[in-house]
Amino acid sequence: MHKSLRITAIAAACAVAGGALYGAGAATAGQSTANSTHEPYNIGLLVKDIDTYYGTTADANGVYQASPDSPYAKDLARVDAAVERQIDKAARKAHRHGEKPAIVFDIDDTLLLSLDYEKRYNYTYNGTTWADYVNRADRPGVFGSAELVRYAASKGVEVFYNSGLSEAQRTAAVENLKKIGADVNLDAAHMFLKDKANPPSYLSACATPGAWNCTTVQYKSGTRKHIEQDLGYDVVANLGDQYSDLDGGYADRTYKLPNPTYFVS
């Protein structure tokens, strides 16, 4: 995703009370940020909590990785199990009624993990370093993500991607998703990326050529509306690591993946 709305440094994660980390599960409407005169949570301690949550370690190449035994991995597994149940339910219903079920995935920190970037740049965002990082196309997969993509496809649920990455980053995104084994529907008809120069007509309420005014929610919900109303699918599940990936409707169920490192409104 394009992270221009990232709150400076790791203070973004302070939106979770008492340093508790985001849990997994369906999105709720009550997302809020801290607003009090109390001393904020200590950033140094929060970094340690985040490292514990991910089980962060550097591999032989010095790349920061999450541990498959971490609380993060366990939270992801619980979300994935719920999504698989929804896929199974949708597949059975589609078989009986001839419907066209679809599942929509965000990409950054939903399918591709950017923990190494966060650690290296101390949880800050810079457009140039982020673009370079994305274009390397070597991010590891979020635990269980590629398997979930393939599982949906195997059940006849159409896979779509709805990402804040830019159109210029399409080649890198496709290459990286192939590397992690999520090689399903990686064509332009299924992978929706931000094209600010030539936005699609279904976003005309907030974007015209050369004038992009869409919020994340407008962009992502508008794309899901297009998938449902124009392409004729029923979005039975929508997955993202940000509440802005999920808000705005046009999905039967939403699934919030954990991400305590940044917040995109």
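Since we're looking at a predicted model, the values are computed, not measured.

Colleague: Which parts of the structure should I look at to understand the pattern of salt bridges?
Modeller: If charged atoms from side chains of opposite charge come close, those side chains can pair. Applying the stated criterion across every chain, the model contains 10 salt bridges. Here Arg 120 and Asp 116 are joined by a salt bridge, their closest N and O atoms 2.9 Å apart. Residue Arg 120 and its partner Asp 116 are located together in helix α3 (residues 115–120), separated by four residues, close to a single helical turn. Take Asp 116: its relative accessible area is 3%, and that puts it in the buried class. When the shortest N-O distance is used, the salt bridge between Glu 175 and Lys 179 registers 3.6 Å. Placement of the pair is Glu 175 and Lys 179 together in helix α6 (residues 170–179), with a separation of four residues, close to one helical turn.

Colleague: Sorry if this is basic, but what is going on with the nonpolar core here?
Modeller: In summary, soluble globular proteins display a tendency toward joint burial of nonpolar side chains. Core analysis: the largest hydrophobic core is formed by 49 residues, its most contacted members being Ile 103, Phe 105, Ile 107, Tyr 161, Leu 177, Met 191 and Leu 239. Counting residues per element, this core draws most heavily on helix α2 (residues 71–97), at six residues. What Ile 107 contacts, discounting residues up to four positions off in sequence, is Leu 112, Tyr 161, Ser 163, Leu 165, Leu 177, Met 191 and Leu 193.

Colleague: What's the story with unusual backbone geometry in this structure? I'm lost.
Modeller: Outside of glycine, negative phi angles account for most residues, and trans bonds account for most peptide bonds. Phi angles above zero are rare outside glycine, and Asp 109 is one such case at about 65°. Assignment of secondary structure puts Asp 109 in the loop between β3 (101–105) and α3. One non-glycine residue with positive phi stands out, namely Ala 137, at about 55°. Note that Ala 137 resides in the loop between α4 (127–135) and α5 (145–154).

Conventions used here
Residues numbered from 1 in each chain as written. Predicted model: local features only at pLDDT ≥ 70, side-chain atom pairs only at ≥ 80, totals over all residues. Heavy atoms only, no water. Salt bridge = Lys/Arg side-chain N within 4 Å of Asp/Glu carboxyl O. Helix = DSSP H or I, 4+ residues; strand = E, 2+ residues; numbered from the N terminus. Buried < 20%, exposed > 50% of the residue type's maximum accessible area, 1.4 Å probe, protein only. Core = buried A, V, L, I, M, F, W, Y, C linked by side-chain atoms within 4.5 Å. Contact = heavy atoms within 4.5 Å.

Function cannot be read off these values alone, since they describe shape.
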